[in-house]
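# Fold and contact review
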Amino acid sequence: MNRNQPSMRRLALCFAMALGTFACSQLPASVTSTVISSPSAVMIPSSSVVTDALRPLTLSDVMQFREIKERSVSTNQQLMVYTAEPDYGDSTGYVVHLMTEQQFSVPYADRGLLNADGSFALFRQRSPLLLREQATDKAARDALAHDAVLLNTVTGEQQLFRNIDRFAFSGDGHQALLLARKGDSKEKTQLLTAVQLTNTDRIAQGTQTELGQVTEFAVAEQGNLVAFVHEFSDQDDDSMQLQQVTLWDAGFDRRFELAPPSQALYQQLTFSADGKQLVFFAGSRPDDDNKDQEIGQQLWHWPAEQNKAAPHVLAQDGWLLSAQQAPRFSEDGRRVFVGFRPEPAAAAAVPSTPETEADLFSTERLLSDRRLQVWHGRDDRINPQQKAEYQQAKRRTAPAVFWLEDEKLVSLSNDVEDQLYVSEHSQAALISNGRPYLQDMTWDGRFHDVWHVNLHTGQRQQVLARNRSIERAHLSPTGRYAVYQQAGQWQLFDSQTGERRILGADAGVSWLDETHDRPEPAASYGVAGWLADESAVLVYDRFDIWQLLLSGDSVNLTKSGREARQRFRLERTDPKALAIEPAADLLLSRFDEENKNYGFYQLSLSRQTLKQLLADNKRFDLVEALPELGGYLYSEQSFRQFPDLWWANADFSERRQLTEVNPQQAQFVWGDSHLIDWFTEDGERLQGVVITPDGYDANRRYPVLVYYYEQFSQRLHHFNQMRVNHRLNFPFYLGQDYVVFLPDVRFREGAPGPSATESLLPGIDRLIELGIADPNAIGLHGHSWSGYQTAFVVTETDRFAAAVAGAPVSNMTSAYSGIRWQTGLARLFQYETGQSRLGVSMFEDRAPYIKNSPVFFADRIKTPLLIQFGDKDGAVPWEQGIELYLAMRRLNKEVVMLHYEGEGHHLQRFANKLDYSIKMLEFFNYYLKGEPAPDWWQQGMPYQSYD
């Protein structure tokens, strides 16, 4: 094939399209086997919604839409608690009876908890936002209410407890534990009170028991035990503080002194799952001059049959048992996982204040005040990454396991870089370590080795080496086998024999992402889980679920996924289960890649049959399985339908809506989402979502706002998140008489910028062809990666009447050598192997770095451009915005950069988010609707000092 053919086709198309308004790139195109054909027939009719009684959303309205947060269900699965939280405003706490749908609410509340049987709920209650905003300083804010509300879920009666910092229920649900707020930030202890809960009509009849001034407390998940660290002054020396660990048996109101009064610090109180064991740490107090010093800990253990806890010295030469890793019981209560840190080197003495002339000129004393960072070329992690991870690095520990019955410590690691995969496997565990590849992270991304470790002996065997960190290994139920993806194949490791073999070789499908378009190895579709008898493991391809038998055979369980272009995935209805029963009926979710709708299905493993339970032109998400009620908690949503919570029985034949957190939506102009498709010049089919407003007239052309990133067509049935932020709020703009377009973009290696142009413009042509878009009133908006695309696209076309680029890279040559300050990572990997998709280092080939940089082609820009940046952006250096701004300023182009002080990659200060939203609307209204130009765009604004 003539290598020039794709470019010639592109040039021919450019000449024919829209009077030559798009300057096509000459970068080489990839060749695809897709046959060019006509787009799917589509007709977007006029809206049937009568808008006479509806009004457009204002930004104030957007602020008050609420989301469901902090949801949990009682142990008996009869009640649910959740918080309805607005973008800006006061949250409300709710309790819902799942079967009767009876509901109670608590104003200004959040952080709801339910006791075991759901008879009582606790909420945090804060002062109204109005009072918080009226507070003039920190002291005034600290003086505002921060209370707890106890709610009787039978009667709805509420009781207020003033000045509560934290709360919990005992495992049996008969006690509410309330931790009082500190009166002064310098106080080290807080008063812990227990309130007895009675199933009477009067909630206030419960007796209250003061448990004492504590530094820490914990409640058992089951039973009636509460443990706390009580701190008090020594009777003989008021300046000496003592601590003791006390266990309170709430059922009999008895207290047991588990650890005697001591000057030691007791911390990390941890109950076993059944509430019959407790472990905690004891260690000396750090020196006042070195509060960050690592203090070796002693592990104390209390079993239910004893009145006292016993100390255990867990020692490893050169290591300290660390409080940085909280002890963690296994579910069966037989072992405790802990972490060790290396013994610290002796702290260097700090030279004292000079007393003599010689001291004054002491180089040692003078050098002690230096502020130096050394960036070595062979550092494992570059210095900014070390800085960003400094606190995290101090918490890294080498894992170990302590077997309680045998009082045996087994070291699992001698490296704090080892990361233990937390699981309930009793014989073995998996450990990941990326230390050998830390330097490679700078330009090639993250890699790791994975090890199989015996929990009884500590013996290690390497499972895999230098695999992408996103590719984990998956341990079989007994811990004997591990399955992992490497080089496009599923590999099985047998820890008994040390052998490896390939699984699923006969399947004839790709296990790796078929749509992957970055210059790095594609990720696998993942593992669904092991069968409990270890005869097989279930894995995914792009569409189906496969059973890979250890015997070597493979079976497509869902069968029809690929042919129908429907993606099936297993829903984990029991998060604690180690494996899948071979004869189980499994709940699956299904996503249709073609029409973007969702469904739930049931897969019978024993019969290998698939049954549809629920499907519609909506999105469905499993929230939680409710086996006690024989059903599920799930959400359903569409562009018009908020994702409230629903209950369904086991086969979804019965469904009930449980929440309605945004009834005010009925007042506003909303809209409908539609799916369209088009073809690129090279014949690749793309899809996008067109969102039309209520009252849409199919005989009229509309101003269109294009918002995109990479793949957005999957949002067809998504409810738009109602927030004021750096993104377009779609319903808000629909109310302003806009159409919103969410197109897909496909990329080819070495040409991310031209790829965006080649994807977007045929989609715009399709909107014009369908009679939707006013060709003279199309705006483009992108942030971060799509901010870059926006900045580049306007160098190739003047099709857009106005464009907004939030946090864009403008110069890939300077960005390449920059730092992502939030993580401290170098940016090289992003360009060579990551999202920017250039595929080579700048030293191998500078051409794509220049050809894909908007700043070098700023002279071609004819589109008015609004740039937004925060000067503390930790992802994209804000100097990238400055480079593009200065280039356009030098070229006398229409440009404004909105610089928000102290802001990161996404605006956080609400005033800034609101300001940006207002300015975006004014900008687009001016260029797309002919409204008056805002003063800030016409005249700018002088420097403002906000000190």
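Residues numbered from 1 in each chain as written. Predicted model: local features only at pLDDT ≥ 70, side-chain atom pairs only at ≥ 80, totals over all residues. Heavy atoms only, no water.

## A few points about the overall build of the chain
How we decide: Each helix is a run of DSSP H or I of at least 4 residues and each strand a run of E of at least 2, with the numbering of both proceeding from the N terminus. The globule rule used for comparison is 2.2 Å times the number of residues to the exponent 0.38, while the radius of gyration itself is calculated over C-alpha atoms. Buried residues are those whose accessible area, probed at 1.4 Å on protein chains only, stays under 20% of the maximum for their type, while exposed residues exceed 50% and partly exposed ones sit between those limits. Contact between two residues is taken to exist if any of their heavy atoms lie within 4.5 Å; hydrogens are not considered. Residue exposure ignores everything except the shown protein chains as possible cover, and the areas themselves are Shrake-Rupley values with a 1.4 Å probe. Charge convention: Lys and Arg are scored as positive, Asp and Glu as negative, and His as well as the terminal groups of each chain are ignored. A single reference atom marks each charge: NZ on Lys, CZ on Arg, CG on Asp, CD on Glu.
When helices and strands are tallied, the chain shows 19 helices and 54 strands. In summary, the chain has a C-alpha radius of gyration of 31 Å against a globular reference of 30 Å for 947 residues, a match within 12%. Reported as C-alpha extents along the three principal axes, the dimensions of the chain are approximately 90 × 85 × 70 Å. Buried residues in the chain amount to 54% of all 947 residues. When contacts within the chain are restricted to residue pairs at least 6 apart in sequence, long-range pairs at least 24 apart make up 55% of them. Carbon and sulfur atoms make up 47% of the accessible area of the chain, which totals about 43,300 Å². Positive and negative side-chain charges of the chain, numbering 92 and 123 respectively, have mean locations separated by a distance of 4 Å.

## Quick word on the pairing of strand β15 (residues 254-262)
Our working definition: Two strands pair if DSSP finds at least two bridges between them.
Alignment of strand β14 (residues 241-249) against β15, held across six bridges, turns out to be antiparallel. Paired with aspartate 249 across the two strands is arginine 254, which belongs to β15. The antiparallel pairing of β14 with β15 creates a hairpin that spans four residues between the two strands, and aspartate 253 there sits at a positive phi of about 50°.

## Observations concerning the nonpolar core
We apply this condition: For the purposes of this section, nonpolar cores are sets of buried Ala, Val, Leu, Ile, Met, Phe, Trp, Tyr and Cys residues that join through side-chain atoms within 4.5 Å.
Membership of the largest hydrophobic core comes to 59 residues, with the highest contact counts inside it found for Tyr733, Phe923, Phe924 and Leu928. The biggest single contributor to this core is helix α18 (residues 910-929), with eight residues. Not counting chain neighbours up to four residues away, the residues in contact with phenylalanine 923 comprise Ala802, Ala803, Val804, Pro864, Leu865, Leu866, Trp936 and Trp937.

## Topic: the packing of helix α12 (residues 752-769) against helix α13 (residues 785-796)
Our working rule: The axes are straight lines fitted to the C-alpha atoms, using for helices just the contacting stretch, and the angles between their N-to-C directions are given from 0 to 180°. Note that the term roughly parallel is reserved for angles under 35 degrees, roughly antiparallel for angles over 145, roughly perpendicular for angles of 65 to 115, and oblique for everything else. In the scheme used here, Gly and all other residues not listed as nonpolar or charged are polar, with Ala, Val, Leu, Ile, Met, Phe, Trp, Tyr, Cys and Pro taken as nonpolar and Asp, Glu, Lys and Arg as charged.
At a closest axis distance of 8 Å, the pairing of α12 and α13 adopts a crossing angle of 75°. It follows that α12 is roughly perpendicular to α13 by the angle criterion. Residues Pro752, Gly753, Pro754, Ala756, Thr757 and Leu760 of α12 form the contact with α13, whose participating residues are Trp785, Tyr788, Gln789, Phe792, Val793 and Glu796. The residue makeup of the contact of α12 with α13, split by class, is eight nonpolar, three polar and one charged.

## Description of the sheet that holds strand β7 (residues 146-152)
The strand order across the open sheet built from four strands is β5-β6-β7-β8, with neighbouring strands paired in antiparallel fashion. Pairing within the sheet leaves two strands with one partner each, and these edge strands are β5 (109-114) and β8 (158-161). Direction aside, neighbouring strands of the sheet carry axes that sit 25° apart on average.

## Thoughts on empty space enclosed by the protein
The following threshold applies: Buried and open spaces are told apart on a 1 Å grid over the protein atoms alone, a cavity being a set of points where a 1.4 Å probe fits but cannot get out and a pocket being an open set with protein on both sides within 12 Å along at least five of seven lines. Residues with an atom within 4 Å of a point are the lining residues. Grid points are joined across faces, edges and corners, and a volume is the space filled by probe spheres set on the points.
Taken as a whole and judged by the stated rule, the model has three cavities of 30 Å³ or more. In this structure, the largest cavity spans a volume of roughly 60 Å³. Around the largest cavity, the lining residues are Leu59, Arg723, Val724, Asn725, Arg727, Leu728, Asn729, Phe732, Tyr733, Ser917 and Met920. Its residues assigned to classes, the lining of the largest cavity comprises six nonpolar, three polar and two charged.

## Describing the packing of aromatic side chains
Note the threshold: Note on ring pairs: Phe, Tyr and Trp rings are taken, using the six-membered ring of Trp, and paired if centres are within 6.5 Å. Classes follow the plane angle, with under 30 degrees stacked, over 60 edge-to-face and the rest tilted.
Across all of its chains, the model carries 41 aromatic pairs by this definition. Between phenylalanine 642 and phenylalanine 719, the aromatic rings sit 5.4 Å apart at their centres with planes inclined by 85°, giving edge-to-face as the arrangement. Of this pair, phenylalanine 642 sits in the loop between β42 (631-637) and β43 (645-649) while phenylalanine 719 sits in the loop between β47 (702-707) and α11 (730-735), and the two are 77 residues apart along the sequence. Taken as a pair, phenylalanine 642 and phenylalanine 719 share a single burial class, namely buried. Ring geometry for phenylalanine 747 against tryptophan 785: centres 5.6 Å apart, planes inclined by 45°, an arrangement best described as tilted. Here the residue phenylalanine 747 occupies a position in the loop between β48 (739-743) and α12, and tryptophan 785 occupies one in helix α13, the gap between them amounting to 38 residues. For the pair formed by phenylalanine 747 and tryptophan 785, the shared burial category is buried. Taken together through their ring pairs, the aromatic side chains of Phe600, Phe620, Tyr632, Tyr634, Trp646 and Phe652 make up a single cluster.

## Considerations on α13
In plain terms, the rule: One fewer than the residue count of a helix, multiplied by 1.5 Å, yields its expected span.
Helix length check: α13, at 12 residues, gives a terminal C-alpha distance of 17 Å against a target of 16 Å (1.5 Å per residue), a fit within 8%. For α13, a buried count of 12 out of 12 residues is recorded, marking the element as mostly surrounded by other parts of the structure. On its buried face, α13 sits against α12, β49 (773-783), β50 (802-806), α14 (812-816), α16 (847-851) and α17 (879-890).

## Some remarks on the sheet that holds strand β2 (residues 79-86)
One open sheet accounts for four strands, arranged β1-β2-β3-β4; its pairing is antiparallel. Where the open sheet ends on each side, the last strands, each with one partner, are β1 (66-73) and β4 (103-107). With strand direction ignored, the average angle separating the axes of adjacent strands in the sheet is 20°.

## What about the pattern of salt bridges?
Selection rule: One side-chain nitrogen of Lys or Arg within 4 Å of one carboxyl oxygen of Asp or Glu is enough to make a salt bridge.
Tallied over the full model, the rule gives 48 salt bridges. The salt bridge partner of aspartate 142 is lysine 138, with a shortest N-O separation of 2.8 Å. Of this pair, aspartate 142 and lysine 138 both sit in helix α4 (residues 138-142), four residues apart, which is roughly one turn of that helix. Salt-bridge contacts for glutamate 514 lead to arginine 542; the nearest nitrogen and oxygen are separated by 3.4 Å. Here the residue glutamate 514 occupies a position in the loop between β32 (500-503) and β33 (527-530), and arginine 542 occupies one in the loop between β34 (536-540) and β35 (545-549), the gap between them amounting to 28 residues. Arginine 542 gets classed as buried once you look at its relative accessible area, which sits at 13%. Overlapping salt bridges bring together Glu514, Asp541, Arg542, Arg562, Arg565 and Glu593 as one network.

## Remarks on the confidence of the model for the chain
Operational definition: Confidence per residue, as judged by the predictor, is encoded in pLDDT with a range of 0 to 100.
Chain-level statistics for the chain give a pLDDT mean of 94 and a share of 95% at 70 or above. Contacts for the low-pLDDT stretch residues 1-36, under 50 throughout, to residues beyond four places or in other chains number 62 contacts.

## Overview of α18
For α18, which comprises 20 residues, the first-to-last C-alpha distance of 27 Å matches the rise-based estimate of 28 Å (1.5 Å per residue) to within 8%. Positive backbone phi, at 75°, marks glycine 930, one or two positions downstream of α18.

## As for the pairing of strand β41 (residues 619-626)
Bridge count between β41 and β42: seven bridges; the pairing is antiparallel. The residue of β42 that forms the bridge with glutamate 624 is leucine 633.

## Section: the side chain of histidine 726
With respect to the helices, strands and loops of the structure, histidine 726 is situated in the loop between β47 and α11. Setting aside residues no more than four positions away along its own chain, histidine 726 makes contact with His781, His783, His906, Tyr916 and Met920.

## With respect to unusual backbone geometry
The phi dihedral of asparagine 163 is positive, around 55°, even though this residue is not glycine. Here asparagine 163 shows up in the loop between β8 and β9 (164-169). Classification of asparagine 163 by relative accessible area gives partly exposed; the value is 40%. Phi at arginine 837 is positive, roughly 65°, even though this residue is not glycine. Owing to a relative accessible area of 1%, arginine 837 belongs among the buried residues under this scheme.

## Observations regarding the environment of glutamine 298
Put simply, the test is: Here a polar contact is recorded for every N or O atom pair within 3.5 Å, except that within protein the pair must consist of a potential hydrogen donor and a potential acceptor, and residues adjacent in sequence are included only if both atoms are side-chain atoms.
For glutamine 298, the position within the fold is in strand β18 (residues 298-303). Residue glutamine 298 is classed as partly exposed on the basis of its relative accessible area of 26%. It is 53 Å that separates the C-alpha atoms of glutamine 298 and threonine 558, two residues lying 260 residues apart in sequence. Filtering out sequence-adjacent residues up to four positions away, glutamine 298 remains in contact with Phe280, Phe281, Ala282, Pro311, His312, Val313 and Leu321. Among the polar contacts listed, one links the side chain of glutamine 298 to the side chain of tryptophan 300, at a separation of 3.0 Å.

## Some points on the side chain of arginine 827
Among the structural elements, arginine 827 can be located in the loop between β52 (825-826) and α15 (828-832). In this structure, arginine 827 is buried with no salt-bridge partner, the nearest side chain bearing the opposite charge being aspartate 873 at 7.0 Å. Among the polar contacts listed, one links the side chain of arginine 827 to the side chain of tyrosine 831, at a separation of 2.6 Å.

## A few points about the environment of glutamate 563
With respect to the helices and strands, glutamate 563 occurs in helix α10 (residues 561-564). Classification of glutamate 563 as exposed rests on a relative accessible area of 76%.

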